[in-house]
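Observations on the three-dimensional arrangement
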Amino acid sequence: MKEYFSKYVTLRKHNLSVAWKKAKRSKMCYAFLAPYAILFTLFYILPVCTSIFFSFTYYNILESPRFIGLQNYISLILEDDIFLMAIKNTFMIAVITGPLGYIMSFLFAWLINELPRWVRSVAVVVFYAPSIAGNCYVIFSVFFRGDAYGYVNAFLMNLGIIDTPILWFINPTYMLPICMIVILWMSLGTGFLSFVAGLQGVDKSQFEAGYMDGIKNRWQELWYITLPNMKPMLMFGAVMSITQAFGVCDVTMALCGYPSTDYAARTVVTHLFDYGYSRFEMGYASAIATLLFLIMILCNKAIQSMLRRVGT
Amino acid sequence: MSLKKKKEVQEKAPKKPLIKRRKPNRSVWGDFFLYLFLAFVALVMAFPIIYAVNSALKPLDELFMFPPKIFAQNPTMDNFSDLFVTMGKSWVTFSRYLFNTVFITAVGTAGHLIVASMGAFVLAKYEFPGGQGFFKLVTVAMMFSGYVTAIPNYLILNALGWIDTYWAIVIPAFASPMGLFLMKQFMEGLPTSLIEAAKIDGANEWKVFAGIVMPNVKPAWMTLIIFSVQALWNNKAATFIYSEEKKTLVYALQQIQAGGIARTGQGAAVLVVLMIVPIAIFVFSESQILETMASSGLKD
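Residues numbered from 1 in each chain as written. Chains lettered and ligands numbered in written order. Predicted model: local features only at pLDDT ≥ 70, side-chain atom pairs only at ≥ 80, totals over all residues.

Re the overall build of chain B
Secondary structure summary: chain B contains 15 helices and 0 strands in total. Residues counted as buried form 38% of the 300 residues belonging to chain B. A sequence separation of at least 24 residues applies to 75% of the contacts in chain B between residues at least 6 apart. (Helix = DSSP H or I, 4+ residues; strand = E, 2+ residues; numbered from the N terminus. Buried ≥ 20, exposed ≤ 12 C-beta atoms within 10 Å, placed from the backbone. Contact = placed C-beta atoms within 7 Å.)

Now the structure itself:
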């Protein structure tokens, strides 16, 4: 056992010295990477670490942080009803809009792939525009206006389905579904672009080989040829849509108000803003941020291990 | 005969016979219904944007007409000129807001392009201890959104003394993980022999980077630029900047938008002003962006 251990130590030492020598020789690489690495550490790694640190403290910016152990997490999960509601809403939105948006991105990218070149360019702009159109989503508040002049209300009343206008953004029953529609409208984002580009890069000779081997229709072609070729893009798209799905707050805040009626449209990020920027309970807000971070990372890892099995 | 097929005949007939163009395992009716469906979805996707643009062009009486019309009957630019009048009466001038946003967007994007490309260059083309690990960290950073780090970022910027300066928005934008990721993936496609040839000719690393690698990855520039512009142009930055004269255009415009029913027309004009820049950049650089995104896959 001792012999084994000492061998292990020598091996590690050797590896380290090799790495050190290599590192000395590639000083230039570090010089090139340094500006990015420093900024990245400062604004991405350090914040995550401080967030984890502050989540174990009581901190309100004015007084210095006081260590309180797991108290923040305990009150979050056991005492804060609104947080549980926020978690429930966020998961509802993520579980519905995440996969649906992802499938939509792929489906439309795949369908427009066979169009002639100029039609495809136009189609990409049409599908991608909502996700980069600033805060254009507030136009939905005109469609879903609460009085009889709102388009949807007027339409439904003309059809005789309802007889009084529905207060879409004030009635808790309708808030989340409408927010989901808006989020879906905006969900063809970066992942969609990645899919469009990836589909154009699939090797044409594979399709020809497919015809020879008797692939009968486009669905078989999709499953046996296209999807396995698209695996790296599928991974990338998944990362994008998960991150987006759990970070929802702009749409709900703009459409349903902040705070919304009965907190029906509260998400984890809205809760974070409430405690961080309105109440200055930084420790508590950090605990929320840490939980959100863990949820996002775990979800991404789980989905990635699932996607690894596509087409194999 | 489906629409798509007709188009193909019109377009491609002089060059190639029709039979070669069609994939042999496609049914005509399948094509027809799929593209009909696609056209319908495209209409639904485009409708809110078309509506927003038309609202901005409607005169006041049409805005509140019932039943409402989608297209403006007598399009005017009144809403836009009203917007400038409203902005002109504010304490901080419109040009100052515009300058703030343009300055933040331009400096942030340029810095991000240079810093991220330098990092991506060595990560893609050289092997050195820690390089792989660092890149893994960057991909993990893409998996959580900026909201997670919002509060600690505030504390860090505060410690640096950058609160209420442009740097609070500009400098963190340099380090966006997405840019480095896309740049690195794209640079991996460059032939290594190109770099080696330059080295044999006696170019140092900086010359290789600035003279050979950067001109060859121009499509990736556009991609980094659009993602960065999109993030910075829409940055309200309300939590980092307090002085009114340093606030961004988006912030000022959204104040106008919040002005209630009397500002409906101006609000629509604001929407158009805000969306026009990112969409215009995307339209002009679409093919380059798609070229970059082709190498965006996450391999492991």
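So, the overall build of chain A
Within chain A, the regular secondary structure consists of 15 helices and 2 strands. C-alpha atoms of chain A, sized along the principal axes, occupy 85 × 70 × 40 Å. Put simply, chain A has 312 residues, and 39% of those count as buried. Within chain A, residue pairs in contact and separated by at least 24 positions form 70% of the contacts whose partners lie at least 6 positions apart.

Things to note about the environment of Pro152(B)
For Pro152(B), the position within the fold is in helix α8 (residues 150-160). Sequence separation of Pro152(B) and Ala141(B) is 11 residues, and the distance between their C-alpha atoms is 15 Å. Sequence-distant contacts of Pro152(B), defined by excluding residues within four places in its chain, comprise Pro47(A), Thr50(A) and Ser51(A).

As for the interface of chain A and chain B
Put simply, an interface is often sized by how much accessible area is lost when its parts join up. On the side of chain B, 70 residues touch chain A, which itself brings 78 residues to the contact. Residues of the side of chain A that touches chain B, tallied by class, amount to 58 nonpolar, 16 polar and 4 charged. (Nonpolar A, V, L, I, M, F, W, Y, C, P; charged D, E, K, R; others polar.)

Regarding the environment of Ile226(B)
All names here are of chain B. With respect to the helices, strands and loops of the structure, Ile 226 is situated in helix α13 (residues 218-233). You can call Ile 226 buried: it has 22 C-beta atoms within 10 Å. Measuring from C-alpha to C-alpha, the distance between Ile 226 and Ile 279 comes to 9.2 Å, with 53 residues separating the pair along the chain. Not counting residues within four places of it along the chain, the set of residues in contact with Ile 226 comprises Ile 281, Phe 282, Ser 285 and Ile 289.

Structural notes on the domain arrangement of chain B
Residue and element names in this part refer to chain B. In terms of domains, chain B is made up of domain 1 (3-76) and domain 2 (86-293). With 7 residues of domain 1 at the interface, the matching set in domain 2 holds 6 residues. Within the residue set of the side of domain 1 that touches domain 2, elements represented by two or more residues are α3 (28-57) and α4 (60-63). Looking at the side of domain 1 that touches domain 2, the element that brings in the most residues is α3, giving 4 residues. For the side of domain 1 that touches domain 2, the class distribution of residues is 5 nonpolar, 1 polar and 1 charged. (Domains from an automatic or database assignment.)

Quick look at the nonpolar core
Counting 156 residues, the largest nonpolar core has Cys179(A), Val182(A), Ile288(A), Ala52(B) and Leu271(B) as its most contacted members. Each of two domains, domain 1 (3-76) and domain 2 (86-293) of chain B, supplies a minimum of three residues to this core. Aside from chain neighbours lying at most four places away, what touches Val182(A) is Tyr137(A), Phe140(A), Val251(A) and Leu255(A). (Core = buried A, V, L, I, M, F, W, Y, C linked by C-beta atoms within 7 Å.)

Thoughts on helix α10 (residues 204-212) of chain A
Along α10(A), only 0 of the 9 residues are buried, which leaves the element largely exposed. One or two steps after α10(A), the chain reaches Gly214(A), where phi turns positive at roughly 85°.

Here's the deal with the environment of Arg145(A)
All names here are of chain A. Here Arg 145 shows up in the loop between α6 (140-143) and α7 (151-159). Distance from Arg 145 to Pro 165, taken between C-alpha atoms, is 9.0 Å for residues 20 residues apart in sequence. Here Arg 145 is in contact with Gly 150 and Asn 153, once residues within four sequence places are set aside.

Topic: helix α1 (residues 2-25) of chain A
Its 24 residues place the ends of α1(A) 35 Å apart at the C-alpha level, agreeing with the 34 Å of an ideal helix rising 1.5 Å per residue. In terms of burial, α1(A) is a largely surface element, 0 of the 24 residues being buried. (Expected span 1.5 Å × (residues − 1).)

Describing the packing of helix α6 (residues 94-125) of chain B against helix α10 (residues 177-187) of chain B
All names here are of chain B. Relative to each other, α6 and α10 sit at 45°, their axes nearing to 8 Å. Judged by the inter-axis angle, α6 sits oblique to α10. The way α6 lies across α10 gives a crossing that is right-handed. Side by side, α6 and α10 meet where His 112, Ala 116, Ser 117, Gly 119, Ala 120, Phe 121, Leu 123, Ala 124 and Lys 125 of the first sit next to Gly 179, Leu 180, Met 183, Lys 184 and Met 187 of the second. Split into classes, the residues belonging to the contact of α6 with α10 amount to 8 nonpolar, 4 polar and 2 charged. (Axes fitted to C-alpha atoms, helices over the stretch in contact; angles between N-to-C directions. Parallel < 35°, antiparallel > 145°, perpendicular 65-115°, else oblique. Left-handed = near helix turned anticlockwise from the far one by under 90°.)

Things to note about the packing of helix α4 (residues 81-112) of chain A against helix α9 (residues 190-200) of chain A
All names here are of chain A. Where α4 meets α9, the closest approach of the two axes is 9 Å, and the angle between their N-to-C directions is 35°. Taken as a pair, α4 and α9 cross one another with a handedness that is right-handed. Taken together, the residues of α9 that come into contact with α4 (itself represented by Tyr 102, Ser 105, Phe 106, Ala 109 and Trp 110) are Gly 191, Phe 192, Phe 195, Val 196 and Leu 199. Residue composition of the contact of α4 with α9, by class: 8 nonpolar, 2 polar and no charged.

A short note on unusual backbone geometry
In this model, Ile61(A) sits at a positive phi of 75°, which is unusual for a non-glycine residue. On the basis of neighbour count, Ile61(A) is assigned to the exposed category, with 12 C-beta atoms found within 10 Å. The backbone of Asp164(B) shows a phi angle near 70°, a positive value even though the residue is not glycine. As for its placement among the helices and strands, Asp164(B) is situated in the loop between α8 and α9 (167-174). Since 14 C-beta atoms lie within 10 Å of it, Asp164(B) is described here as partly exposed.

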